[in-house]
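If you want the building blocks of each chain, they are given just below.
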Amino acid sequence: MKETVKTKRRSFKHLVPPVDLTGRIERSTRMDRPIHILAKAVRRRLGPGRLRDLLHGVPTGKPLHPPLVTVSLGCWVATAVLDLAHADPRATRAVLTTGIATALPAAAAGLTDWSSLHREQQRVGFVHAIANLTALGLYAGSLALRIAGDDRRGRLLSFAALGAAGLGGQLGGHLAYRQAAGANHAESVAHLVPLGWHDLCELKDLPDGRPVARRLGYIDLFVLRIGEGVTVLADGCSHLAGPLHQGRLISEDGSACVVCPWHGSTFRLSDGTVAHGPATAPQPSFETRVRRDGVLQVRPAPV
C-alpha cells in the first residue's frame, strides 16, 4: 500500500502545470508606464460627457463593448467557415468587411472602458487590445489581398488573424469572468434583505449634510441625512465597488448626485440611476422612514 502511494506521488511530480499566462500579465509591471500614459490620454481626450457615456453604454444601461465585439468575432468566424467551404468570394468579402467595420466602434468602446479600470485589469486589457489590433490589421490585409485577386494569401492571412482574435477573446473572457471588469458590483439586494422594514440607526446619530457608511446585515449602505430627510443607497459602486460614502456630492441637471471617488461614476440620489459612467448599472436604493422614537428604518425600494 505504501509503495503504491509513493508511486502515485512520483507520477504526480511529472505533471506539468498549465502556463498561467494571464496571471503573469496581471503581475507584470513592465507595461505600467505606457498603460498610465494611454489611459490618462483617453480620459483627458474624452472627458465627462455624452460621448463617453455613449461609449460606456450608459444610455442602454448595459456595457456597449461586448455586443459590438460579438458581431465582429461572429463575422470573422463566419469568414473562416466560408473560406473552408470555398464559398462565393464576394460573400466572404462582405462578411469580412462587416467584421472590420464593427471592430472600430468596438475598439473605441473597449478603450473607453479600459481607461477606467484597476491596474491589474488594465494590464490584461492592454495585451487584449494588442492582440485584437493585430487581428484587425491582419484582417484588413486579408481584405486588401482578396480585393487584389489574391484569395489564397488572403485566406491564409485570415486564419492567422483568427488565431490573434482567439487570444484576444481568451484575455477578454479573463477580464470579464475572472477579474469582473464590466460586471455589476452592486447586485440587487432584494435577496439579501428580508421583506419589511429594518432598523438601521438613530436619526440623531447621522451627521447633517455629510454621507456616511452604515451596515445592514451583509450590506454596506451609503446614508445621507439632509435635515429630517435621509437618502440610502448601496455603498459599493456598481462599476468596481468603490465606497460611495467617500465621494463628493454634486448637482447634475438639477438633480443631487454622488460621484464615486475611484473612477467618477455619478449616481442620482433620488433613485440611484446613473447620471454619468463608467458605471452602467444603477445603485440599489432604499426607502426610508423614521419611527416616533427617532430610529431610522429602511427597506429595498421596489425595482
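Now for a description of the structure that goes with this document. Source: prediction; values computed, not measured. (Residues numbered from 1 in each chain as written. Predicted model: local features only at pLDDT ≥ 70, side-chain atom pairs only at ≥ 80, totals over all residues. Heavy atoms only, no water.)

Brief notes about the side chain of Thr102
Heads up, the condition is: Strands are runs of DSSP state E lasting at least 2 residues, helices are runs of H or I lasting at least 4, and numbering of each runs from the N terminus. Any pair of residues with heavy atoms lying within 4.5 Å of one another is described as a contacting pair.
Mapped onto the secondary structure, Thr102 falls in helix H6 (residues 89–114). With residues near it in sequence (within four places) discarded, Thr102 still touches Leu68, Val71 and Ser72.

Considerations on the pairing of strand S4 (residues 229–234)
Note the cut-off: At least two bridges found by DSSP between two strands is the condition for calling them paired.
When strand S3 (residues 219–226) meets S4, the two strands line up antiparallel, connected through 6 bridges. The partner of Phe222 across the bridge, within S4, is Leu233. Between the end of S3 and the start of S4, which pair antiparallel, lie 2 residues, with Gly227 showing a positive phi angle near 65°. Across 2 bridges, S4 lies against strand S9 (residues 285–290) in antiparallel orientation. Bridge assignment links Val232 to a residue of S9, and that residue is Phe286.

Focus: the nonpolar core
As a reminder of what qualifies: Nine residue types can take part in a nonpolar core, namely buried Ala, Val, Leu, Ile, Met, Phe, Trp, Tyr and Cys, and a core is a set of them joined through side-chain atoms within 4.5 Å. Exposure is judged per residue with a 1.4 Å probe applied to protein chains only, and the accessible area is read against the type maximum: over 50% gives exposed, under 20% gives buried, and values in between give partly exposed.
Among the nonpolar cores identified, the biggest contains 16 residues, and Leu200, Leu206, Leu221, Val223 and Leu296 are the most heavily contacted of them. Secondary-structure elements contributing two or more residues to this core are strand S1 (198–202), strand S2 (212–216), S3, S4 and strand S10 (295–300). Of the residues forming this core, the biggest block, 3 residues, is contributed by S3. With near-sequence residues (within four places) excluded, Leu206 lies in contact with Cys201, Val212, Arg214, Val223, Arg225, Val230 and Leu296.

Some details on the packing of helix H5 (residues 65–84) against helix H8 (residues 151–178)
Cut-off, in case you're wondering: All axes here are fitted lines through C-alpha atoms, helices being fitted over the stretch that makes contact, and every angle between N-to-C directions spans 0 to 180 degrees. Each crossing is labelled by how the near helix is turned from the far one, with a counterclockwise turn of less than a right angle marking it left-handed and a clockwise turn marking it right-handed. Each residue gets one label: Ala, Val, Leu, Ile, Met, Phe, Trp, Tyr, Cys and Pro are nonpolar, Asp, Glu, Lys and Arg are charged, and the others, such as Gly, are polar.
Two numbers describe how H5 lies on H8: the axes approach to 10 Å, and their chain directions differ by 140°. Crossing geometry of H5 relative to H8 is assigned as left-handed. Only Arg155, Ser158, Phe159, Leu162 and Ala165 of H8 make contact with H5, whose side of the interface consists of Leu73, Trp76, Val77, Thr79, Ala80, Asp83 and Leu84. Of the residues contributing to the contact of H5 with H8, the split by class is 8 nonpolar, 2 polar and 2 charged.

Focus: the sheet that holds S2
Reading across from one edge, S1-S10-S9-S4-S3-S2 is the order of the 6 strands in this open sheet, with antiparallel pairing throughout. Looking at strand neighbours, the two that pair on one side only are S1 and S2, the edges of this open sheet. Within the sheet, the average angular offset between the axes of one strand and its neighbour, ignoring direction, is 35°.

So yeah, pure geometry; function would need other evidence.
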